[in-house]
Amino acid sequence: MAKDILLEIGTEEIPAKFMPGALKQLAEAAKDMLAAERIGFSEIRTVGTPRRLALIVRQADEQQADKRSENKGPAVKIAYTEDGTPSKAAQGFARGQGVDVSQLIVKDGYVYAIVEETGRSVRELLPQLLHSLIDNLNFPKNMRWGNSDMRFVRPIRWLVALFGSDVIPFTVAGVASGNITRGHRFMSKGEITLTSADDYFSKLAENHVMVDQDVRRTVIREQIEKMAVSQGGTASIDEDLLEEVIFLVEYPTSLCGRFEEKYLSLPPEAIITPMREHQRYFPVFGKDGKLLPVFITIRNGGADYIDIVRHGNERVLRARLDDARFFFEEDQKVKLVDRVEKLKTIVFQDGLGTMYDKTKRLEELTAFILNHAGKAETGVVSARRAAYLAKADLVTGMVNEFTELQGVMGREYAVLSGEDAVVATAIYEHYLPRFAGDELPQSAIGQALSIADKLDNIVATFSRGLIPTGSQDPFALRRQALGVVNILLQGQYQVSLEQLFNRTMDLLNISSAEKRVKLIADLQDFFRLRLKNILADEKIRYDIIDAVMAVGIDDVYDTWLRAKAVNADGGTAAMQKAVQALTRAANLAKNADSEHVDSALLANEAEAALYEAYQQADKKAAQLINERNYQGVLQELTKLAEPIDVFFGAVMVMVEDQQVRNNRLALLKSITALAQRVADLSKIIAN
């Protein structure tokens, strides 16, 4: 008879940002553990609140499944003597497998032992298994407490471990498992006795704990939206903030607070940032899209004394907004351009000068990118001005107090200082994208400045040997490289990564030729992986990605276009036939010394026809490639499939006549070179 397993790890409050990963990890570890132990089940579920991580396994078997295995032993000639007597090797193998030597069987020239293992009682296994589950949970940060050597995210205060209605006994960090859980820290009536996993949710609900995070998410969202409507507006529900709030509370109750309208004279971001980032409040916008003097927050408790809680939240926010207003007014006493000199007091990176030095590099690099991409008409002068002012807000009081506002306040102060709108916009956009899924810069100057800033950060950090490894990326270089690639794709920039890297190294005064060669290789690999991930996310086949990247990724947008074209046509019958023919040609072309074809040596009709077909395809492809019409190029390549097949059927390539042989190899090499202007088609797997 199957039974449910319940494991609850009761702790002091776990950091909210750790919870989603911990619950996922617990579910995956439990699934792997049960599979390894041959324990069947119907469902695994993990739920949690700030004070608990819980695992529920539905319909777990009471007995392990039996196991039958064939274990390979020594070769027959070693296992038996000439008269068929088992040797010491066979006897030792049998003894090690726990079977009699007479039970060994012979198969494929070896002896095998058939081992039958009867499944054990799951109840007997669970104490060690559940203990191991807890021991093996990993968190970004752990701690020790008391005299225990146990390291966990927070001190463990209670454990629930049930198999059906039976307690599974074990001890972790001095805490013995049982069937006693705890409700809400302040609203619960006391300890709660559980009889099985079936009453876990209902018993906790009676004690003011919504243990299911998905239920809390729905309740919180509904409460926020309803309260915003009651205020005549719409709440801005940031999904990351909502996720954090879900794991800050066990029993959510929304409340609405207000602040004085005088603060609305601040830039909206200067109000929203203290709300969202510091106080975990949700802002409310009116029907006209303007910010209302209202905020919504979630209390961990009921509606009792809600006015006192509201008043406390309003006081805290008022203090934050007073600070913001003070800094905003003080910052305006100095023009943004007059702050640039002060950047000389801020170190950029060890050994790489100040933020002022970086500013001067950004001026040059931004202009270079626009010129190199053929976008100089967008305004190099404005681009240089935006680059010069891009980091000036770092020395303002507002950004010093609210670091999340860098770029935002630069834009505001630029406008207030009388700078052009395009300059102000670029100052804001050069920090984009700030996180996964964030918006990309839209203006050409903003795009170029953003690329320049990120390239300068990446190349500078790489030059110091601080290349991201594994999960370690303290400078968020992967995110920045991904941002560069996405901007290049969105802006359809036709630029050379290598030239951008070289110009960045010039500005960083990296003169060692050996160091530059290594840096280029490392940077190409780094950006290659970012582009590969983007293409994979767009459902482009892995073999097509490899085929396209094999002929270069220096022009990111061009690589993307080639990948999309091959992915669109790669599965057609005509393309499959062309891939096979061109791959055959490429295999022989490796023996060619040049691509020069002497038409006078084309004696065979088939090779002459192939050469003519190649010339026509090459001429048309040149124009199509210039237009970046790679699907058109692929269509031209498909026309070569039949002439290539006829050629191989009628012509011996590797003939004794060296001139003829080399000429035929040159023809094949020319055809291969044409194909490789799109991709190395030999890497594409035929269906």
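A quick note: this is a predicted structure, and the numbers were derived from the prediction, not measured.

Honestly, the layout of surface pockets in this entry has me stumped. Any pointers?
Vacant regions in the atomic arrangement are exposed by a probe of water-molecule size rolled over the atoms. Of the pockets and cavities examined, the largest pocket occupies roughly 1,400 Å³. Looking at the largest pocket, it is lined by 41 residues, and the ones nearest its centre are E277, E404, Q406, R434 and F435. Counting only elements with at least two residues in the lining of the largest pocket, the list comes to α7 (239-246), α8 (268-278), α10 (355-372), α15 (444-463) and α16 (477-490). Partitioning the lining of the largest pocket into residue classes produces 16 nonpolar, eight polar and 17 charged. Of the pockets and cavities examined, the second largest pocket occupies roughly 150 Å³. Considering the residues around the second largest pocket, the lining is formed by P433, F435, A436, G437, D438, L440, R479, L482, G483 and N486. For the lining of the second largest pocket, the per-class residue count stands at five nonpolar, three polar and two charged.

Before we go on, may I ask you to explain helix α18 (residues 513-537) in this structure?
In an α-helix, one full turn covers 3.6 residues, which means residues spaced three or four apart are oriented alike. Taking 1.5 Å per residue, 25 residues should reach 36 Å; α18 reaches 36 Å between its end C-alpha atoms and fits that length. Taken together, the buried positions of α18 are R516, L519, I520, L523, Q524, F526, F527, R530, L531, I534 and L535. Buried residues belonging to α18 abut α15, α16, α17 (497-507), α19 (542-549) and α20 (556-569). K539 occupies a position one or two residues after α18 and carries a positive phi of about 65°.

It is not clear to me how the pattern of salt bridges should be interpreted in this structure. Could you clarify?
Side chains that differ in sign of charge can pair as their charged atoms come close. Applying the stated criterion across every chain, the model contains 46 salt bridges. The partner of K3 in a salt bridge is D166, with the nearest N and O atoms 3.7 Å apart. Placement of the pair is K3 in strand β1 (residues 3-11) and D166 in strand β8 (residues 166-167), with a sequence separation of 163 residues. Classification of K3 as partly exposed rests on a relative accessible area of 23%. One salt bridge in this structure joins R384 and E364, with 3.0 Å as the shortest N-O distance. With a gap of 20 residues between them, R384 in helix α11 (residues 380-389) and E364 in helix α10 connect regions that are remote in the sequence.

Looking at this structure, how should I read the packing of aromatic side chains?
Here a ring pair, both rings aromatic, is described through the centre-centre distance and the interplanar angle of the planes. Under the criterion given, the structure shown has eleven aromatic pairs. Both rings, one in Y281 and one in F295, keep their centres 4.4 Å apart while their planes meet at 10°; by these two values the pair is stacked. Note that Y281 is positioned in the loop between α8 and β15 (282-285) and F295 in strand β16 (residues 291-300), a separation of 14 residues in sequence. We classify Y281 as buried; its relative accessible area is 1%. Counting every residue linked through ring pairs, the aromatic cluster contains F462, F501, F526 and F527.

Looking at this structure, I do not really get the domain arrangement of the protein. What am I missing?
By a frequent convention, interface size equals the accessible area lost on bringing the separate parts together. Each assigned domain of the protein is listed here: domain 1 (2-64 + 121-207), domain 2 (67-117), domain 3 (213-332), domain 4 (337-538) and domain 5 (557-683). Between domain 4 and domain 5, the residue contacts involve eight residues of the former and six residues of the latter. Both sides of the domain 4 and domain 5 interface together cover about 670 Å² of buried area, and 63% of this is carbon and sulfur. Together, L489, L535 and E538 form the three largest contributors to the area buried by domain 4 at its contact with domain 5, with a combined 54%. Summed over the shared surface of domain 4 and domain 5, the number is one salt bridge. Here E538 makes a salt bridge to K564, at a shortest N to O gap of 3.2 Å. There are three residue pairs in polar contact (both at pLDDT 80 or more) connecting domain 4 and domain 5. Looking at the side of domain 4 that touches domain 5, the elements that each hand over two or more residues are α16 and α18. Looking at the side of domain 4 that touches domain 5 residue by residue, the classes come out as five nonpolar, two polar and one charged.

Just to check I follow, could you spell out the UniProt feature "domain: DALR anticodon binding" (unreviewed entry) in the protein for this structure?
In the numbering used here, UniProt assigns the feature "domain: DALR anticodon binding" (unreviewed entry) to residues 581-673. Helix and strand shares over residues 581-673 are 71% and 0% respectively, and the end C-alpha atoms of the span are 14 Å apart.

What am I meant to see in empty space enclosed by the protein here?
The final tally for this structure, using the stated rule, is one cavity of 30 Å³ or more. What the largest cavity holds in volume is close to 60 Å³. Surrounding the largest cavity, L582, T583, A586, T672, A675, Q676, A679, D680, L681 and S682 form its lining. Elements that contribute at least two residues to the lining of the largest cavity include exactly α21 (573-589) and α25 (658-675). Ranked by residue count, the leading element in the lining of the largest cavity is α21, at three residues. Split by residue class, the lining of the largest cavity holds five nonpolar, four polar and one charged.

Is there a simple way to explain unusual backbone geometry in this structure?
Across the chain, the bulk of peptide bonds are trans and the bulk of non-glycine residues have phi less than zero. A cis amide bond links L432 with the next residue in sequence, P433, at an omega value of -10°. The backbone of R38 shows a phi angle near 60°, a positive value even though the residue is not glycine. Note that R38 resides in the loop between α1 (19-36) and β2 (43-49). Here N509, not a glycine, exhibits a phi torsion of approximately 60°, which is positive. Within the secondary structure, N509 sits in the loop between α17 and α18.

Would you take a moment to explain the sheet that holds strand β5 (residues 105-107) for this structure?
Hydrogen bonds between backbone groups are what pair the strands of a sheet, and the pairing can be parallel or antiparallel. Read from one edge to the other, the open sheet built from three strands follows the order β4-β6-β5, with strand pairing classed as antiparallel. Where the open sheet ends on each side, the last strands, each with one partner, are β4 (67-75) and β5. Between one strand axis and the next, the sheet turns through 40° on average, direction left out of account. Running over the sheet, helix α3 (residues 88-97) touches β4 and β6 (110-117) and is turned about 160° from β4.

How do you make sense of the packing of helix α22 (residues 605-626) against α25 when you look at a structure like this?
Geometry of a packed helix pair, given as the angle between the helix axes and the separation of the axes. Taken N-terminus to C-terminus, the directions of α22 and α25 make an angle of 25°; their axes are 11 Å apart at the nearest point. As far as their axial angle goes, α25 and α22 are roughly parallel. Note that α22 runs across α25; the crossing there is left-handed. Contact residues: E607, L610, Y611, Y614, A617, D618 and A621 in α22; R664, L667, S670, I671 and L674 in α25.

Can you walk me through the environment of R479 in this structure?
Within the element layout of this structure, R479 appears in helix α16. In the structure, R479 is positioned 131 residues away from L610 in sequence and 48 Å away in space, judged by C-alpha atoms. Once residues lying within four places of it in the same chain are set aside, the contact partners of R479 are P433, R434, F435 and D473. Here the side chain of R479 touches R434 through a polar contact of 3.3 Å, landing on its backbone oxygen.

I'm lost on the pairing of β2 in this one. Help?
Working note: regular strand, side chains alternate between the two faces of the sheet. Here β2 pairs with strand β3 (residues 52-60) via seven bridges, running antiparallel. Looking at β3, one finds that T46 is bridged to L55. The antiparallel hairpin formed by β2 and β3 contains two residues in its connecting segment.

When you look at the nonpolar core in this model, what are you seeing that I'm missing?
In a soluble, globular protein the nonpolar side chains are often hidden away together inside. In this structure, M398, F527, L637 and L681 are the most contacted members of the largest nonpolar core, which totals 137 residues. Per-element tally for this core: the top contributor is α15, with ten residues. When neighbours within four sequence positions are excluded, M398 is seen to be in contact with A270, A324, F327, F328, D331, L405, M409 and Y413. One finds V57, L125, F170 and I224 within the second-largest nonpolar core, a separate group that totals 57 residues.

Calculation notes
For every chain, the first residue of the written sequence is number 1, and numbering continues from 1 onward in sequence order. Restriction of local features to residues with pLDDT of at least 70 applies here, the model being predicted, together with a cutoff of 80 or more for giving and counting side-chain atom pairs; totals for whole chains, interfaces and linings are based on all residues. Calculation of side-chain values draws on the structure's entire complement of heavy atoms; hydrogens and water are dropped beforehand. As defined here, a cavity is a set of points on a 1 Å grid over the protein atoms alone where a 1.4 Å probe fits but cannot get out. A pocket is an open set with protein on both sides within 12 Å along at least five of seven lines, and residues line them when an atom is within 4 Å of a point. Grid points are joined across faces, edges and corners, and a volume is the space filled by probe spheres set on the points. The helix count covers DSSP runs of H or I at least four residues long, the strand count covers runs of E at least two residues long, and both are numbered beginning at the N terminus. Classes in brief: Ala, Val, Leu, Ile, Met, Phe, Trp, Tyr, Cys and Pro nonpolar; Asp, Glu, Lys and Arg charged; the others, Gly included, polar. Helix span is expected to be 1.5 Å times the residue number reduced by one. For the exposure calls, accessible area comes from a 1.4 Å probe over protein chains only, and a residue counts as buried if that area is under 20% of its type's maximum, exposed if over 50%, partly exposed in between. The criterion used for residue contact is that any of the two residues' heavy atoms lie within 4.5 Å. Definition used for salt bridges: Asp or Glu carboxyl oxygen within 4 Å of a side-chain nitrogen of Lys or Arg. The pairing test for Phe, Tyr and Trp rings, Trp by its six-membered ring, is centres within 6.5 Å, and the orientation test on the planes gives stacked under 30 degrees, edge-to-face over 60, and tilted for anything in between. Just so you know, the domain bounds were taken from an automatic or database domain assignment. Two parts placed together each lose some accessible area; with a 1.4 Å probe, that loss summed over both constitutes the buried area. Under the rule applied, a polar contact is a pair of N or O atoms within 3.5 Å (in protein, one hydrogen donor and one hydrogen acceptor; residues adjacent in sequence only if both atoms are side-chain atoms). UniProt positions are given in the numbering used here, feature names are shortened, and annotations may be inferred rather than shown by experiment. Strand pairing follows a simple DSSP-based rule, namely that at least 2 bridges must link the two strands. Note on definitions: angles span 0 to 180 degrees between N-to-C directions of axes, and those axes are lines fitted to C-alpha atoms, for helices only across the stretch in contact. For this classification, under 35 degrees means roughly parallel, over 145 means roughly antiparallel, 65 to 115 means roughly perpendicular, and everything else is oblique. The sense of a crossing depends on the near helix, which, turned anticlockwise from the far helix by less than a right angle, makes the crossing left-handed and, turned clockwise, makes it right-handed. Within this scheme, the nonpolar core is defined by two criteria: the residues are buried Ala, Val, Leu, Ile, Met, Phe, Trp, Tyr or Cys, and they are joined through side-chain atoms within 4.5 Å.

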